Amino acid sequence: MSNYTNSPLVGYTRLVNKHSGRRTHCIDRITPHCVVGQVTAARLGDIFSGTREVSSNYGIALDGTVGLYVEEKNRSWCSSSNANDQRAITIECASDPKPPYAFKPVVYETLVKLCIDICKRNGKKKLLWFGDKAKTLNYSPKPDEMVLTVHRWFANKSCPGDWLYSRMGDLADKVTAALAADSGSAASSPKPVAKCPYAEPKKDIQYGAKGNNVRWVQWHLNKAAGEKLAVDGIFGALTKAAVLRFQRTKKLVQDGIVGHKTRAALKKAVG
């Protein structure tokens, strides 16, 4: 049974009234879309607040920020199908404006993380991709299964674009593997947290920084917030997005800068 919570990965919220209210079906599908434009989270909110009768539950901006526009408990207007949108979490993803509507790496990586989170919170252990419209729409998912669907099955559109369509199997595999790994680790005995091998920074750390100060931040984000950042000492878009998510969770100022309050919260969360 769906919990009807919203993702903690959200870094931008702008709830719109373009929805049909409470769902009439439990959540057992995820439908990723391509925006056909490299948009920010705010710009996607502008689109959904405009005159077009369109919305999605989530959006992923070109920098990897996750936007919330329609709460999971409500049916968005996204897939040209009432039946699909009643049971699907819909996700609009920033993409190139021309075919094959490619995503930036950070957008695809964030899509994987968001799908993992959606599955976890809705009690799912598998994300399935059949690659066949008839088989998918006639399939009754088991209680622990989530199924991928695409917009092109319900309207004369290329959405989600050939770039993502060719990676739907990879998306399902990555999410299912992460869910299995998480389930295995949860069943095992808890292990003590290792000590961070990097010295705590003495100054604010922000986008563009490099070195061990950044590695300290990345290590703590992985331990404290369950991120899967490469501890490479480069404060790029993925690290900034993770910082923003952590700051939002801890109700800190969401500026993407690791100042003394964010450092203190990271240390406390790791223990």
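Structural data are supplied above this passage.
Residues numbered from 1 in each chain as written. Predicted model: local features only at pLDDT ≥ 70, side-chain atom pairs only at ≥ 80, totals over all residues. Heavy atoms only, no water.

**Re empty space enclosed by the protein**
Reasoning step 1: Throughout the structure, instances matching the rule amount to one cavity of 30 Å³ or more.
Reasoning step 2: Within this model, the largest cavity holds a volume of roughly 30 Å³.
Reasoning step 3: Along its surface, the largest cavity is lined by Leu9, Gly11, Thr65, Val66, Ala241, Leu244 and Arg245.
Reasoning step 4: For the lining of the largest cavity, the element with the most residues is helix H8 (residues 237–249), which contributes three residues.
Reasoning step 5: Its residues assigned to classes, the lining of the largest cavity shows four nonpolar, two polar and one charged. (1 Å grid on protein atoms, 1.4 Å probe; cavity = no way out; pocket = protein on both sides within 12 Å on 5 of 7 lines; lining within 4 Å. Points joined across faces, edges and corners; volume = space filled by probe spheres on them. Helix = DSSP H or I, 4+ residues; strand = E, 2+ residues; numbered from the N terminus. Nonpolar A, V, L, I, M, F, W, Y, C, P; charged D, E, K, R; others polar.)

**Details of the state of the cysteines**
Reasoning step 1: One pass over the structure, following the stated rule, counts zero disulfides.
Reasoning step 2: No disulfide involves Cys119; its sulfur sits 6.6 Å from the nearest other cysteine sulfur, which is in Cys115.
Reasoning step 3: Residue classification places Cys119 among the buried residues on the basis of a relative accessible area of 0%. (Disulfide = S-S within 2.5 Å. Buried < 20%, exposed > 50% of the residue type's maximum accessible area, 1.4 Å probe, protein only.)

**Details of the environment of Val253**
Reasoning step 1: Structurally, Val253 can be placed in the loop between H8 and helix H9 (260–270).
Reasoning step 2: Along the chain, Val253 and Arg22 lie 231 residues apart, while their C-alpha atoms are 32 Å from each other.

**Focus: the pattern of salt bridges**
Reasoning step 1: All chains considered together, the criterion is met by 12 salt bridges.
Reasoning step 2: Between Asp162 and Arg152 there is a salt bridge, and its shortest N-O distance comes to 2.9 Å. With Asp162 in helix H5 (residues 161–165) and Arg152 in the loop between strand S9 (145–148) and H5, the pair connects residues that are 10 residues apart, well separated along the chain.
Reasoning step 3: For Glu200, the salt bridge goes to Lys267, with nearest N and O atoms at 3.0 Å. Of this pair, Glu200 sits in the loop between helix H6 (168–187) and helix H7 (212–225) while Lys267 sits in helix H9, and the two are 67 residues apart along the sequence.
Reasoning step 4: Looking at Lys267, the relative accessible area reads 40%, which means it is partly exposed.
Reasoning step 5: Through salt bridges with shared partners, a single network forms among Glu200, Asp204, Arg263 and Lys267. (Salt bridge = Lys/Arg side-chain N within 4 Å of Asp/Glu carboxyl O.)

**Structural notes on the layout of surface pockets**
Summary: where empty space remains is shown by rolling a probe the size of a single water molecule over the atoms.
Reasoning step 1: If you add up the space inside the second largest pocket, you get close to 330 Å³.
Reasoning step 2: Taken together, 19 residues make up the lining of the second largest pocket; nearest its centre are Arg52, Val54, Cys78, Glu92 and His151.
Reasoning step 3: At the level of secondary structure, the elements contributing two or more residues to the lining of the second largest pocket comprise strand S3 (29–34) and helix H1 (41–49).
Reasoning step 4: The greatest single-element share of the lining of the second largest pocket, amounting to three residues, is contributed by H1.
Reasoning step 5: Looking at the lining of the second largest pocket residue by residue, the class counts come to nine nonpolar, five polar and five charged.

**Quick notes on unusual backbone geometry**
Reasoning step 1: Omega for the bond connecting Pro99 with Pro100 falls within 30 degrees of zero, at 5°, which places this linkage in the cis form.
Reasoning step 2: Position of Pro100 relative to the elements: it lies in the loop between strand S7 (88–93) and helix H3 (105–121).
Reasoning step 3: Between Cys159 and the following residue, Pro160, the backbone shows a cis peptide bond with an omega angle of 15°.
Reasoning step 4: Mapped onto the fold, Pro160 is located in the loop between S9 and H5.
Reasoning step 5: We note that Lys251 has phi near 60°; this positive angle belongs to a residue other than glycine.
Reasoning step 6: Considering the arrangement of structural elements, one finds Lys251 in the loop between H8 and H9.
Reasoning step 7: Since its relative accessible area comes to 77%, Lys251 is described here as exposed.

**Let's talk about the environment of Gln254**
Reasoning step 1: Looking at where Gln254 falls in the secondary structure, it is placed in the loop between H8 and H9.
Reasoning step 2: Take Gln254: its relative accessible area is 41%, and that puts it in the partly exposed class.
Reasoning step 3: Separated by 242 residues in sequence, Gln254 and Tyr12 place their C-alpha atoms 9.9 Å apart.
Reasoning step 4: Setting aside its immediate chain neighbours within four residues, Gln254 contacts Gly11, Leu244, Gln247 and Arg248. (Contact = heavy atoms within 4.5 Å.)

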